[in-house]
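An overview of the molecular structure
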Amino acid sequence: MPLRQATTHRRHLQEIPASDSNVSTSFTWSWDPTKTSELLSGMGVSVLKKEKLGSENTPQELLVSLYPPQKRQKVKEKDKDFVIARRPRLLRETESGISWDALPDELLLGIFAYLPLIDLLKVSQICKRWQRLAFDESLWQTLDLTGKNLLPGVIGQLLPVGVNVLRCPRSCIGKPLFKNNRPLRVQHMDMSNCTINVADLHTILCHCDRLQNLSLEGLVLSDDIIRSIAQNSSLVRLNLSGCSEFSAEALTMMLISCSGLEELNLSWCDFTADHIKAAVNHISTNVTQLNFSGYRQNLQISDIKTLVTRCPYLVQLDLSDSAMLKPECFQYFHQLICLQHLSLSRCYQISPADLLELGEIPTLKTLQAFGIVTDNSLQLLKETLPHIKINCSHFTTIARPTVGSKKNQEIWGIKCRLTLRNPSGL
């Protein structure tokens, strides 16, 4: 090898530090932060901002990707090796706390129990665990959707969660779209004056067999709907005021099946004489409150006799707007040993003087006779019957779910926790 080449190689070798030297080689980590953003975005992961990152809840893989490891330096001192490594500087939270993921289910359920309906639906979108907890049946016992526009599928999603009390009068209800045929747990339901298709109403009721209180006031029904109601043998209160389009045969079958009824409102239905006969002959003997008003030409004195014989323990009876009733029916009222409240408003064949006979009923406390008595005769009647309150209430509350002012959000004395206050559709 020529002398000049040997000298050059020797110089190069001398410039290379020895392995046991304290001088470290320089090293540059070429990392483009924008690539991290692109990578995580492609994986569907939101990028954490560096200044807000805390190591407590950050996966190790993400820490490594966001903060590449630095070149380690070896320092030899007194025959002992020390490793110096630069750790990533992470800003920790100013306040110490526990991760939400560390909270047990019971505690999260306790927190969720304070959330209104809209917020509960929002937290259900956080993650799969929160979705499972947000739809736990313990949170959905009572639900108030009064006056809302419920889109198709909403009822089919919410009721199977475990709703026990449903209050949605005056709501516009789309198709329920239930995913299966399992029976619902609903025991108290108010769907009075809703806008709902007859077939959709039947779909909802055919899933119910545990109802204790039901109000369908003002709705168009069908025989299929009446038969679905009949499968609820535990019914205690039933309000069908103003309902129509079901037969006397279906009514008979329902009254026989629902033998435990205590409060029944059949006022102002489109009843024929056959409906009247079916009702008075098959009403449960346990009924103590009955609204049978609005049958101007169809309710006869003979029907009153049948009714009183079948239901001797009536406490409240409303027969208003029954034009065929006369004072001759009073003898049957005397047979009701528990009668406290009687309504005969607009029964025009009964005169104010005839009403004095009702004062002989020892248990009678209130008497409604609007349209029969004038102001002058009313004052005289009150003086003659001081122990009876006369014309003290225009409306009866029999089997109705909500009484009093519109601000009352109770349903048969039960207050609903989950309420949709947002006026927009759900």
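**As for the overall build of the chain**
A count of helices and strands for the chain gives 14 helices and 18 strands. Here the chain holds 426 residues, and 42% of them are scored as buried. Looking at the chain as shown, the accessible area adds up to about 24,600 Å², and 52% of this sits on carbon and sulfur atoms.

**Quick word on the sheet that holds strand 9 (residues 237–239)**
Strand order in the open sheet formed by twelve strands is 15-14-13-12-11-10-9-8-7-5-3-18, and the pairing between neighbours is parallel. Because the sheet does not close on itself, it has two edges, and the strands there are strand 15 (389–390) and strand 18 (418–419). Judged from the three bridges that link them, strand 3 (residues 142–144) and strand 5 (residues 165–167) form a sheet pairing that is parallel. Bridging across to strand 5, Asp144 finds its partner in Arg167.

**Some remarks on the nonpolar core**
Ranked by internal contacts, the top residues of the largest apolar core, which has 102 residues, are Trp140, Leu216, Ile229, Phe292 and Phe333. Phe292 has contacts with Leu266, Phe271, Ile276, Ala279, Val280, Leu299, Asp318, Leu319 and Ser322, leaving out every residue within four places of it along the chain.

**Observations concerning the side chain of Ser241**
Considering the arrangement of structural elements, one finds Ser241 in the loop between strand 9 and helix 10 (248–257). Using a relative accessible area of 6% as the deciding quantity, one classes Ser241 as buried.

**Quick word on the packing of helix 11 (residues 273–282) against helix 12 (residues 301–310)**
Their axes nearest at 8 Å, the elements helix 11 and helix 12 cross at an angle of 25°. Here helix 11 lies roughly parallel to helix 12, going by the angle between them. Between helix 11 and helix 12, the contacting residues are Ile276, Lys277, Val280, Asn281 and His282 on the first element and Ser302, Asp303, Thr306, Leu307 and Arg310 on the second.

**Notes on the environment of Arg132**
Structurally, Arg132 can be placed in helix 6 (residues 128–134). Along the backbone, Arg132 and Asp105 are 27 residues apart, and their C-alpha atoms lie at a distance of 9.9 Å.

**Remarks on the pattern of salt bridges**
All told, the structure shown has ten salt bridges when counted by the stated rule. Among the salt bridges present, the one from Asp105 reaches Arg132, with a minimum N-O distance of 3.4 Å. Separated by 27 residues along the polypeptide, Asp105 in helix 4 (residues 105–112) and Arg132 in helix 6 bring together distant segments of the chain. Asp105 gets classed as partly exposed once you look at its relative accessible area, which sits at 24%. Classification of Arg132 by relative accessible area gives partly exposed; the value is 47%. Between Arg227 and Asp224 there is a salt bridge; the shortest N-O distance is 2.8 Å. Placement of the pair is Arg227 and Asp224 together in helix 9 (residues 223–230), with a separation of three residues, close to one helical turn.

**Considering a nonpolar patch on the surface**
Taken together, Trp100, Leu107 and Ile111 make up a surface patch of nonpolar side chains, about 280 Å² in accessible area. Mapped onto the elements of the fold, Ile111 is located in helix 4.

**Observations concerning the packing of helix 8 (residues 198–205) against helix 9**
Packing of helix 8 against helix 9 brings their axes to within 9 Å, and their N-to-C directions diverge by 15°. Taken together, helix 8 and helix 9 sit at an angle that is classed as roughly parallel. Crossing of helix 8 against helix 9: the hand is left-handed. Packed against helix 8, whose contacting residues are Val198, Leu201, His202 and Leu205, the element helix 9 presents Asp224, Ile225, Ser228 and Ile229 at the interface. Grouping the constituent residues of the contact of helix 8 with helix 9 by class yields five nonpolar, two polar and one charged.

What counts and how
Residues numbered from 1 in each chain as written. Predicted model: local features only at pLDDT ≥ 70, side-chain atom pairs only at ≥ 80, totals over all residues. Heavy atoms only, no water. Helix = DSSP H or I, 4+ residues; strand = E, 2+ residues; numbered from the N terminus. Buried < 20%, exposed > 50% of the residue type's maximum accessible area, 1.4 Å probe, protein only. Areas by Shrake-Rupley, 256 points an atom, 1.4 Å probe, with all protein chains shown as cover. Pairing = 2+ DSSP bridges. Core = buried A, V, L, I, M, F, W, Y, C linked by side-chain atoms within 4.5 Å. Contact = heavy atoms within 4.5 Å. Axes fitted to C-alpha atoms, helices over the stretch in contact; angles between N-to-C directions. Parallel < 35°, antiparallel > 145°, perpendicular 65-115°, else oblique. Salt bridge = Lys/Arg side-chain N within 4 Å of Asp/Glu carboxyl O. Patch = residues over 30% accessible without salt bridge, like charges linked within 9 Å, V, L, I, M, F, W, Y side chains within 5 Å. Left-handed = near helix turned anticlockwise from the far one by under 90°. Nonpolar A, V, L, I, M, F, W, Y, C, P; charged D, E, K, R; others polar.

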